[in-house]
Amino acid sequence: MNVSIIGSGYVGTTVAACLADLGHDVVNVEIDEEIVETINAGEAPIHESGLAERIAEHAGTTLRATTEYDAVRETEVTFLCLPTPQTDDGSLDLAIMEAGAESLGRALAATDDDHLVVVKSTVLPGTTEGVVGPILERESGTEIGDGIALAMNPEFLRMGTAVRDFLEPDKVVFGTADDEAAATLRELYAPILERAGTDLVETDIREAELIKYANNAFLASKVSLVNELGNIAREYGADAYEVLEAVGLDERISERFMRSGLGWGGSCFPKDVNALRAGTREQGYDPELLDAAVAVNDEQPRRLVGLLADHVSLSGARIAVLGLSFKPGTDDVRKSRALDVIAELTERGADVVAYDPVAIENVRPDYPGIEYADTAERALAGADGAVVATDWPEFDDLSFDGMARAVVVDGRRIDVDEDALDVYEGLTW
Ligand SMILES: NC(=O)c1ccc[n+]([C@@H]2O[C@H](COP(=O)([O-])OP(=O)(O)OC[C@H]3O[C@@H](n4cnc5c(N)ncnc54)[C@H](O)[C@@H]3O)[C@@H](O)[C@H]2O)c1
Ligand SMILES: O=c1ccn([C@@H]2O[C@H](COP(=O)(O)OP(=O)(O)O[C@H]3O[C@H](CO)[C@@H](O)[C@H](O)[C@H]3O)[C@@H](O)[C@H]2O)c(=O)[nH]1
């Protein structure tokens, strides 16, 4: 099938390379010329395991990139993989989606061929039919349902495992308004759907939109609940990891997403939970549980620094921060809890020296006032205290010998020889 993908970021690039790998002819439409050139040169614009090989194999044959929206006319299906960020008040910002839909609609005005437009970006219920659809109709001069069909196909991939998550998902969700659109999506996804273990959910567009938010709201709230239980465990002098491992043996609960500590960050959970909270309030409903999930999450970095302050006088102290990315396996620092830890430490007068195996250059421009080390050992050398903010595997069994005083507060439960330290505090154990 001939497919176009609008936007070539984490989602768009992954989906394009994987669909090419499944045998489709794919064109990426992207406004960033550097990304376009990178893909056309057979290279990956982002780092994701399994992506570079796929782009190298298919670029120039069944995968290409362009800045020209006209390319969509050579295809039958277009996926919108554009960013849906949050505004300053936390609500969903649709400006980029609207601009993309306008360009797509204008490109489709010059063809009479039937076209299926699939929203893959995360958007609140009603957006696909209430915002994207009308823009497409206005710009193309074609009515939805009479030449242009609309669908919503949310994406559940995680950063760091994007290719595997796309090709081997737990579920695929198609939100469609007509049988033909659903049939097209089934054909496009056939190899993925044939895989044992992939559930297909076929529903209406509004439900598909909400499934994505409900999924992220559930997972983020689960981690916040796990963190609250972790905080409670600590009050009782119990080990939250032992407690929650046992709790997770109940199949109704599941052992996954049970790691308590510093909380959730990244480019999705914070913005999606906030968009859902803001959108829901507009509908007249107070999402109190989601508010509480955010409040618990916001408190964890302060709790971590508070624990350190019990042992180290922070003003003028040299404090090593181990890990900057929002989770291991990525250089993404968007809404990383490590940044909240740094802000809190700095506010309390500490001199921060930070280390991360890959993310330093993404932090440096916004935090020029702190020191950066090129190894964990160098960050620890002479430090009065250390905090673990990201559970990078290389922090397991790290030597803290070089510290002025080995005071370590761990927000992620790494493997540590506690006996070799002066003080070891776990945030939730
Ligand atoms: N990153 C994830 O792990 C993930 C997972 C599932 C769903 N999502 C959702 O998918 C959507 C896309 O997220 P992302 O992380 O891929 O975003 P991203 O910021 O990584 O990439 C978006 C790309 O779109 C391009 N772009 C912007 N305006 C454009 C325009 N008018 N025309 C063409 N290209 C344009 C940008 O240059 C950028 O390369 C969001 O709604 C997000 O919430 C993200
Ligand atoms: O037990 C856990 C699991 C996760 N986290 C934290 O939660 C955040 C998010 O982690 P993860 O879900 O692995 O990362 P993302 O790549 O942001 O993926 C989420 O967000 C994507 C974008 O919407 C969705 O597609 C994915 O399904 C969803 O897992 C990170 O800060 C993790 O450190 C914990 O603290 N404890």
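Residues numbered from 1 in each chain as written. Chains lettered and ligands numbered in written order. Predicted model: local features only at pLDDT ≥ 70, side-chain atom pairs only at ≥ 80, totals over all residues. Heavy atoms only, no water.

For this particular structure, what's the right way to read the site of ligand 1?
Neighbouring ligand 1 are 25 residues, the closest being V11, E30, Y69, T84 and K271. Here T84 contributes a side-chain N or O atom positioned 2.5 Å from an oxygen atom of ligand 1. Relative to its unbound accessible area of 840 Å², ligand 1 is 87% covered by the protein chains. The residue makeup of the shell around ligand 1, split by class, is 14 nonpolar, seven polar and four charged. Summarising the domain contributions, the shell around ligand 1 has at least three residues from each of domain 1 (2-203) and domain 2 (209-429). (Near = heavy atom within 4 Å. Polar contact = N/O pair within 3.5 Å; in protein donor to acceptor, adjacent residues only side chain to side chain. Areas by Shrake-Rupley, 256 points an atom, 1.4 Å probe, with all protein chains shown as cover. Nonpolar A, V, L, I, M, F, W, Y, C, P; charged D, E, K, R; others polar. Domains from an automatic or database assignment.)

Hey, could you run me through the UniProt feature "binding site: substrate" (unreviewed entry) in the chain in this one?
When the UniProt feature table is mapped to this numbering, "binding site: substrate" (unreviewed entry) covers K212, F257, M258, R259, S260, G261, G265 and K327. Across 116 residues in sequence, these annotated residues place their C-alpha atoms as far as 24.7 Å from one another, rather than forming a single compact spot. Residue position: G261 is located in the loop between α10 (240-247) and α11 (269-282). Of the residues examined, G261 reaches a relative accessible area of 0% and is grouped as buried. At a separation of 2.7 Å, a polar atom in the side chain of K327 contacts the main-chain carbonyl oxygen of M159. (UniProt positions renumbered as here; feature names shortened; annotations may be inferred. Helix = DSSP H or I, 4+ residues; strand = E, 2+ residues; numbered from the N terminus. Buried < 20%, exposed > 50% of the residue type's maximum accessible area, 1.4 Å probe, protein only.)

Which parts of the structure should I look at to understand a nonpolar patch on the surface?
Together, L225, L229, I232 and Y236 give the surface a local cluster of nonpolar side chains, amounting to about 440 Å² of exposed area. Tracing the backbone through its elements, the reader meets I232 in helix α9 (residues 205-235). A relative accessible area of 39% places I232 in the partly exposed class. (Patch = residues over 30% accessible without salt bridge, like charges linked within 9 Å, V, L, I, M, F, W, Y side chains within 5 Å. Salt bridge = Lys/Arg side-chain N within 4 Å of Asp/Glu carboxyl O.)

Help me out: how do you make sense of the packing of helix α5 (residues 127-140) against α9 in this one?
Helix-helix packing: each pair is described by the crossing angle between the helix axes and the interaxial distance. Interhelical geometry of α5 versus α9 gives an angle of 110° and a closest axis separation of 9 Å. Taken together, the axes of α5 and α9 lie roughly perpendicular to each other. Residue-level contacts link T127, T128 and E129 of α5 to I205, R206 and E209 of α9. Taken together, the residues of the contact of α5 with α9 break down into one nonpolar, two polar and three charged. (Axes fitted to C-alpha atoms, helices over the stretch in contact; angles between N-to-C directions. Parallel < 35°, antiparallel > 145°, perpendicular 65-115°, else oblique. Contact = heavy atoms within 4.5 Å.)

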